[in-house]
Amino acid sequence: MIDMPVNLSGRSLLKLLDFTPDEINYLIDLSQDFKNLKRTGTPHRYLEGKNIVLLFQKTSTRTRCSFEVAGMDLGMGVTYLDPGSSQMGKKESIEDTARVLGRFYDGIEFRGFKQSDVEELAAKSGVPVWNGLTDEFHPTQMIADMLTVKENFPMGLKGLKFVFFGDCRNNMGNSLMVTCSKLGLHFVGCGPKELKPEASLIEKCKEICKETGGSVEFTEDPQSAATDANVIYTDIWLSMGEPDELWEQRIKELSPFRVTKQVMSWASPDAIFMHCLPSFHDTNTTIGEEIAEKFGITEMEVEDDVFESTQSRVFEEAENRMHSIKAIMYATLR
Ligand code: CP
Ligand code: NVA
């Protein structure tokens, strides 16, 4: 195979299915470089004079702040638009919004519902668009997650056993399955069979695995899933945009798939726990409190003891969002 240099200039990041393993590894390594620059206090205003806009149809802490700080560290102007303060969707189509913003800005971040909306923004704006989460995929999270895994397993990502517990057909389950397949990890989804990713996406990933040496499987048995795992990952049981009425059903369906100390004990002794956050690991949130009152449970997808354990990497993972988003913007806007 010819060794091609990676050049992502002008590209959008809509889903990792569009990227080669070399391109994904390049973004992970570049994220590490930006982390080193930040840690050593080395200025890196490499994109001075450029401007970006952040469009959010859903709420956010990590993604918004990562784009804002990363943009400012790179020397760019940053505009934030929330659902209440732009015309998009209500009075102006995605297509028209894209055609306007593409004339003002060098890059656009979008967090919303439909994957087709972010694809349309990219097709019509003429500038790089970064998907900050849709119902289907969360690709910027993936670069941060794989950087976190690599920091903990410096021998490399290939061949690691990566287990996702819970709602396997949400944006996180889908994205992690795709990313593990691309990078040659062994992905196991452990959750109810009703909440598996679409069959066509699973098939696509299995095809990718033939090239990369990875694998994809699903099970409803937490012990066999966790045995010898290097990474145990979970996400909230009800994603943004889903109706509150679903809580009862999800709690019933997903309680057997909570990440507990017992689950961690089955994993490899060097296993780490990861979560994209936010997480319901206690009752210190309004939703956590309401759920405790209504259903009598004080933890949902993960036990507080696991979340707070020495195996937990959730806050390093959150920090890595900022470094990796910086890498993504730099690689595509340079
Ligand atoms: N993980 C993540 O995307 O967090 P936010 O919803 O806070 O952006
Ligand atoms: N699945 C979650 C991820 C949050 C980062 C959601 O969409 O709400």
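One can find the structure itself at the top, above this paragraph.
What you see is a predicted model; the values in this text were computed from it and never measured. (Residues numbered from 1 in each chain as written. Chains lettered and ligands numbered in written order. Predicted model: local features only at pLDDT ≥ 70, side-chain atom pairs only at ≥ 80, totals over all residues. Heavy atoms only, no water.)

Caption draft 1: Local environment of the site of ligand 2. As a matter of local geometry, ligand 2 sits amid Leu133, Asn170, Asn171, Asp235, Ile236, Ser239, Met240, Cys276 and Leu277. The separation between a nitrogen atom of ligand 2 and a polar side-chain atom of Ser239 is 2.7 Å. In this structure, an oxygen atom belonging to ligand 2 sits 2.8 Å away from a main-chain N or O atom of Met240. When ligand 2 sits alone it has 270 Å² of accessible area, and the protein chains cover 97% of it. (Near = heavy atom within 4 Å. Polar contact = N/O pair within 3.5 Å; in protein donor to acceptor, adjacent residues only side chain to side chain. Areas by Shrake-Rupley, 256 points an atom, 1.4 Å probe, with all protein chains shown as cover.)

Caption draft 2: Structural view of the packing of helix 5 (residues 139-152) against helix 13 (residues 314-333). Direction vectors running N to C along helix 5 and helix 13 enclose 120 degrees, while the axes themselves pass 8 Å from each other. For the element pair helix 5 / helix 13, the angle class is oblique. Here helix 5 and helix 13 pass one another in a crossing that is right-handed. Only Glu317, Asn320, Arg321, Ser324, Ile325 and Ile328 of helix 13 make contact with helix 5, whose side of the interface consists of Thr140, Gln141, Ile143, Ala144, Asp145, Leu147, Thr148 and Glu151. Of the residues assigned to the contact of helix 5 with helix 13, the class counts are five nonpolar, five polar and four charged. (Axes fitted to C-alpha atoms, helices over the stretch in contact; angles between N-to-C directions. Helix = DSSP H or I, 4+ residues; strand = E, 2+ residues; numbered from the N terminus. Parallel < 35°, antiparallel > 145°, perpendicular 65-115°, else oblique. Left-handed = near helix turned anticlockwise from the far one by under 90°. Contact = heavy atoms within 4.5 Å. Nonpolar A, V, L, I, M, F, W, Y, C, P; charged D, E, K, R; others polar.)

Caption draft 3: The sheet that holds strand 9 (residues 272-275), seen in detail. With respect to topology, five strands assemble into an open sheet ordered 7-6-5-8-9, the strand pairing being parallel. On the outer flanks of this sheet lie strand 7 (215-219) and strand 9, each paired with one strand and no other. The average undirected angle you get between the axes of adjacent strands in this sheet is 20 degrees. For strand 6 (residues 186-190) and strand 7, the ladder comprises five bridges, and the chain directions are parallel. Considered in strand 7, the bridge of Val188 is made with Glu217. Across the sheet, helix 13 is in contact with strand 8 (231-234) and strand 9; its angle to strand 9 comes to roughly 50 degrees. (Pairing = 2+ DSSP bridges.)

Caption draft 4: Expanded view of the sheet that holds strand 2 (residues 77-81). Spatially, the four strands line up as an open sheet ordered 2-1-3-4, and their pairing is parallel. Taken across any chain shown, the strands that pair with only one partner, and hence form the sheet edges, are strand 2 and strand 4 (129-131). Neighbour-to-neighbour, the strand axes of this sheet turn through a mean angle of 20 degrees, independent of strand direction. Direction of pairing for strand 1 (residues 51-56) relative to strand 3 (residues 107-111): parallel, over a ladder of five bridges. Bridged to Leu55 within strand 3 is Phe110.

Caption draft 5: Local environment of empty space enclosed by the protein. Counted under the stated rule, the structure contains one cavity of 30 Å³ or more. Along the walls of the largest cavity sit Phe280, Asp282, Gly288, Ile291, Ile297, Thr298, Glu299 and Met300, which together make up its complete lining. A breakdown of the residues in the lining of the largest cavity according to their chemical character gives four nonpolar, two polar and two charged. (1 Å grid on protein atoms, 1.4 Å probe; cavity = no way out; pocket = protein on both sides within 12 Å on 5 of 7 lines; lining within 4 Å. Points joined across faces, edges and corners; volume = space filled by probe spheres on them.)

Caption draft 6: Focus on the pattern of salt bridges. If you walk through the whole model with that rule in mind, you get 23 salt bridges. Here Glu68 and Arg64 are joined by a salt bridge, their closest N and O atoms 2.9 Å apart. With Glu68 and Arg64 both in helix 2 (residues 62-73), this residue pair falls four residues apart, about one helical turn. The exposure class of Arg64 is partly exposed, given its relative accessible area of 28%. One salt bridge connects Asp305 with Lys261, and the closest N-O pair in it is separated by 3.9 Å. On the criterion of sequence distance, the pair formed by Asp305 in helix 12 (residues 304-307) and Lys261 in helix 10 (residues 261-266) is long-range, its members being 44 residues apart. Shared partners join several salt bridges into a network, and the residues in it are Glu95, Asp96, Arg99, Glu120 and Lys124. (Salt bridge = Lys/Arg side-chain N within 4 Å of Asp/Glu carboxyl O. Buried < 20%, exposed > 50% of the residue type's maximum accessible area, 1.4 Å probe, protein only.)

Caption draft 7: Region of interest: the site of ligand 1. Close to ligand 1 lie Ser60, Thr61, Arg62, Thr63, Arg111, His138, Gln141, Cys276, Leu277 and Arg321. Here an oxygen atom of ligand 1 sits 2.7 Å away from a polar atom, N or O, in the main chain of Thr61. Leu277 places a main-chain nitrogen or oxygen 2.9 Å from a nitrogen atom of ligand 1. Contact with the protein chains removes 95% of the 260 Å² of surface that ligand 1 exposes when unbound. At a threshold of 2 Å from the grid points, most atoms of ligand 1 map onto the largest pocket. When grouped by side-chain class, the residues that make up the shell around ligand 1 number two nonpolar, five polar and three charged. (Sits in = over half its atoms within 2 Å of the grid points.)

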